[in-house]
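Breakdown of the fold
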Amino acid sequence: DSLPPPVSEFKEPVINIDELRRELPELPSELRTRLYQIYGLNSTQIQVLMGKTGAVEYFEDVIKNLPNNVDTQTVYALVTSELYGILDERKVEFDKSPVSVDQMVSIVAMLHEGQLIRALGKQILKQMANGDSRLASAIKKELKLESLDEDELLKACQQIIGLNPDQVAQYCSGTTKVLGYFVGEVMKLTKYKQDPKTIKLLLTKSLEKLKN
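This section reports on the structure supplied with the text. The model shown is predicted, which means the values in this text are computed figures rather than measured ones.

Relative to the elements of secondary structure, Glu-60 occurs in helix α4 (residues 55-64). Of the polar contacts made by the side chain of Glu-60, one reaches the side chain of Arg-34; its length is 2.4 Å. If we skip the residues at most four places from it in the chain, Glu-60 touches Arg-34 and Tyr-39.

Structure below.
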């Protein structure tokens, strides 16, 4: 009589713990730690960002497409202070956002490079939310920023400097980030129709003279 076929030896499957961890969804506590350590967000900001479906993913996708030295707080402010309001008004989540990641990247990049101030960035963001699919640079051109004579623009800069001695003192003591405040005030004075990059250059020259 022939013998029955041998029973194959049972082998336990090899479990790769590291691979399993990678496949598991990130725990909320782990996400909070990562948002703090990588982006420097505080506990309140993290709570706000995690409170809306898709917000963290959108925030990180924007940052991944920007230079490493871009201020993450600028991205956070635009996403939570501006885009949240638009989405809430339309009762949609981030997967239906009318402003794409690429469009938000284009706004933040221009803010970072000094080609926009926050007020103009908000204006462009609203235009994108209303269906304009172009990037910030193209929309900015359509805004038709006027050009004052440089002497007239310099007078506007000096007027704002003269009206803000406390901020001048801060700048002269080394707090150069106050320059953004001056740019904003000159933009208001000129009804947001001047190039912020030119304003920034003129303000810097004027303020640097006061340090000597």
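Attention now goes to the packing of α4 against helix α5 (residues 72-90). Interhelical geometry of α4 versus α5 gives an angle of 140° and a closest axis separation of 10 Å. The orientation of α4 with respect to α5, classified from their angle, is oblique. Here α4 runs over α5; the crossing is right-handed. Along the contact surface, α4 presents Ala-55, Tyr-58, Phe-59, Val-62 and Ile-63, while α5 presents Thr-72, Val-75, Tyr-76, Val-79, Leu-83 and Tyr-84. Across the contact of α4 with α5, the residue classes tally to 10 nonpolar, one polar and no charged.

Turning to the nonpolar core, a few remarks are in order. In terms of nonpolar packing, the biggest core is built from 58 residues, with Leu-49, Tyr-58, Val-75, Met-104 and Leu-203 touching the most fellow members. Not counting chain neighbours up to four residues away, the residues in contact with Met-104 comprise Tyr-58, Val-62, Leu-78, Val-79, Leu-83, Val-99 and Leu-125.

Taken together, the buried positions of helix α3 (residues 43-50) are Gln-45, Ile-46 and Leu-49. Looking straight down α3, one finds its buried side chains confined to an arc of 100°; they lie on one side. Turned more than 90 degrees from where α3 packs its buried face, Ser-43, Thr-44 and Gln-47 sit exposed. Considering only its buried residues, α3 is in contact with α2 (28-39), α4 and α5. Here α3 starts with a cap whose side-chain oxygen sits 3.1 Å from the backbone nitrogen of Thr-44, and that cap is Asn-42.

Across all of its chains, the model carries four aromatic pairs by this definition. Both rings, one in Tyr-84 and one in Phe-94, keep their centres 5.8 Å apart while their planes meet at 65°; by these two values the pair is edge-to-face. Of the two residues, Tyr-84 sits in helix α5 while Phe-94 sits in the loop between α5 and α6 (101-112), which places them 10 residues apart along the sequence. On the accessibility criterion, Tyr-84 (10% relative accessible area) is buried. Measuring from ring centre to ring centre gives 5.9 Å for Tyr-181 and Phe-182, while their planes differ by 70°; the resulting arrangement is edge-to-face. Among the aromatic residues, those joined into a cluster by ring pairs are Tyr-58, Tyr-84 and Phe-94. The lysine or arginine in question, Lys-52, covers the ring of Tyr-84, its NZ or CZ lying 5.8 Å from the ring centre.

The rules behind each value
Residues numbered from 1 in each chain as written. Predicted model: local features only at pLDDT ≥ 70, side-chain atom pairs only at ≥ 80, totals over all residues. Heavy atoms only, no water. Helix = DSSP H or I, 4+ residues; strand = E, 2+ residues; numbered from the N terminus. Polar contact = N/O pair within 3.5 Å; in protein donor to acceptor, adjacent residues only side chain to side chain. Contact = heavy atoms within 4.5 Å. Axes fitted to C-alpha atoms, helices over the stretch in contact; angles between N-to-C directions. Parallel < 35°, antiparallel > 145°, perpendicular 65-115°, else oblique. Left-handed = near helix turned anticlockwise from the far one by under 90°. Nonpolar A, V, L, I, M, F, W, Y, C, P; charged D, E, K, R; others polar. Core = buried A, V, L, I, M, F, W, Y, C linked by side-chain atoms within 4.5 Å. Buried < 20%, exposed > 50% of the residue type's maximum accessible area, 1.4 Å probe, protein only. Arc of directions from axis to C-beta. Phe/Tyr/Trp six-rings, centres within 6.5 Å; stacked < 30°, edge-to-face > 60°. Lys NZ or Arg CZ within 6 Å of the ring centre and 35° of its normal.

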